[in-house]
Amino acid sequence: TGRSGGSAGGRWRGSAPLTPRGWPSTFPLMPSQRDSLDRLWKRCAGLPGGTWLFSRAFGLAVPYSATIGSRVVALEPGYCKTLLRDRRGLRNHLASIHAVALVNLGEMTSGLAMTMALTADVRGIVTTIGADYLKKARGTLTAEARVTVPPLGPEPQNTRVETIISDAAGDVVCRVFTIWRLARS
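Owing to the predicted nature of the structure, the values given are computational and were not obtained by experimental measurement. (Residues numbered from 1 in each chain as written. Predicted model: local features only at pLDDT ≥ 70, side-chain atom pairs only at ≥ 80, totals over all residues. Heavy atoms only, no water.)

Novice: I'd like a description of the side chain of Asp 86, backed by residues and values.
Specialist: Its location among the elements puts Asp 86 in the loop between strand E4 (79-84) and helix H4 (99-117). Of the polar contacts made by the side chain of Asp 86, one reaches the side chain of Arg 91; its length is 2.5 Å. A polar side-chain atom of Asp 86 sits 2.9 Å from the main-chain amide nitrogen of Gly 139. If we skip the residues at most four places from it in the chain, Asp 86 touches Arg 91, Ile 97, Arg 138, Gly 139 and Thr 140. (Helix = DSSP H or I, 4+ residues; strand = E, 2+ residues; numbered from the N terminus. Polar contact = N/O pair within 3.5 Å; in protein donor to acceptor, adjacent residues only side chain to side chain. Contact = heavy atoms within 4.5 Å.)

Below is the structure:
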């Protein structure tokens, strides 16, 4: 790995001491997750099969989210839209899409919208998640999340994001809410 020493007090070969997080204090700034996602989206979205390609690449980076097989179809700062095909592997005993698959879809969609809304000096993590199930979820579903990041001071702040999941008829089948804890890096 290029690192000698085994703890936060270790050193990268020929470089500065490590910070408590394990990175050299002189380590150059990495591109933000937002910038990386935005670049990948812009590269893929205009290509034939590009949304499928982006969704697969995202699934490699975040393997749990890939388990439901959703597809990102729109992504911009503060907004994400995803699709989920109904298939046997997602079904419950009621012949509808399982509640946990809906929560997974909602959290992933809100996460992409939030990541695209954050500036490089802000980080966020989900601290609470919940859902209101309004109708049996069947057929292809569409999930949409919109995020507005509030002004942040020196203290962490909680922000609620709602993802609306609708069926092909436009009926809302589920509302997933996530509470994001936002803080300056």
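Novice: Let's hear about the pairing of strand E3 (residues 71-76): which residues, and what values?
Specialist: Two faces make up the sheet, and in a regular strand the side chains alternate between them. Across five bridges, E3 lies against E4 in antiparallel orientation. Bridge assignment links Val 72 to a residue of E4, and that residue is Thr 82. Once E3 ends, the chain turns through two residues before running back antiparallel as E4, passing Gly 78 with a positive phi of about 80 degrees. (Pairing = 2+ DSSP bridges.)

Novice: Would you mind going over the packing of aromatic side chains in detail, with residue names and values included?
Specialist: The final tally for this structure, using the stated rule, is one aromatic pair. With a centroid separation of 5.1 Å and an interplanar angle of 90 degrees, the aromatic rings of Trp 41 and Phe 54 are classed as edge-to-face. Of this pair, Trp 41 sits in helix H1 (residues 33-45) while Phe 54 sits in helix H2 (residues 50-61), placing them 13 residues apart in sequence. Each member of the pair, Trp 41 as well as Phe 54, is classed as buried. (Phe/Tyr/Trp six-rings, centres within 6.5 Å; stacked < 30°, edge-to-face > 60°. Buried < 20%, exposed > 50% of the residue type's maximum accessible area, 1.4 Å probe, protein only.)

Novice: So what's going on with the environment of Asp 35? Which residues, and what values?
Specialist: Take Asp 35: it is sitting in helix H1. Along the sequence, Asp 35 and Ala 120 sit 85 residues apart, while their C-alpha atoms lie 8.4 Å from each other.

Novice: Tell me about the packing of H1 against H2, and name the residues and values.
Specialist: Two elements in contact, H1 and H2, have axes whose closest approach is 8 Å; the angle formed by their N-to-C orientations is 150 degrees. Taken together, H1 and H2 sit at an angle that is classed as roughly antiparallel. Contacts between H1 and H2 involve Leu 37, Leu 40, Trp 41 and Cys 44 on the former and, on the latter, Gly 50, Thr 51, Leu 53, Phe 54, Ala 57 and Phe 58. Among the residues making up the contact of H1 with H2, the classes are represented as eight nonpolar, two polar and no charged. (Axes fitted to C-alpha atoms, helices over the stretch in contact; angles between N-to-C directions. Parallel < 35°, antiparallel > 145°, perpendicular 65-115°, else oblique. Nonpolar A, V, L, I, M, F, W, Y, C, P; charged D, E, K, R; others polar.)

Novice: How would you sum up the side chain of Ser 96? Please name residues and give values.
Specialist: Mapped onto the elements, Ser 96 comes out in the loop between E4 and H4. Residue classification places Ser 96 among the buried residues on the basis of a relative accessible area of 4%. Apart from the residues lying within four places of it in its own chain, the contact partners of Ser 96 are Leu 90, Arg 91, Lys 136, Ala 137 and Arg 138.

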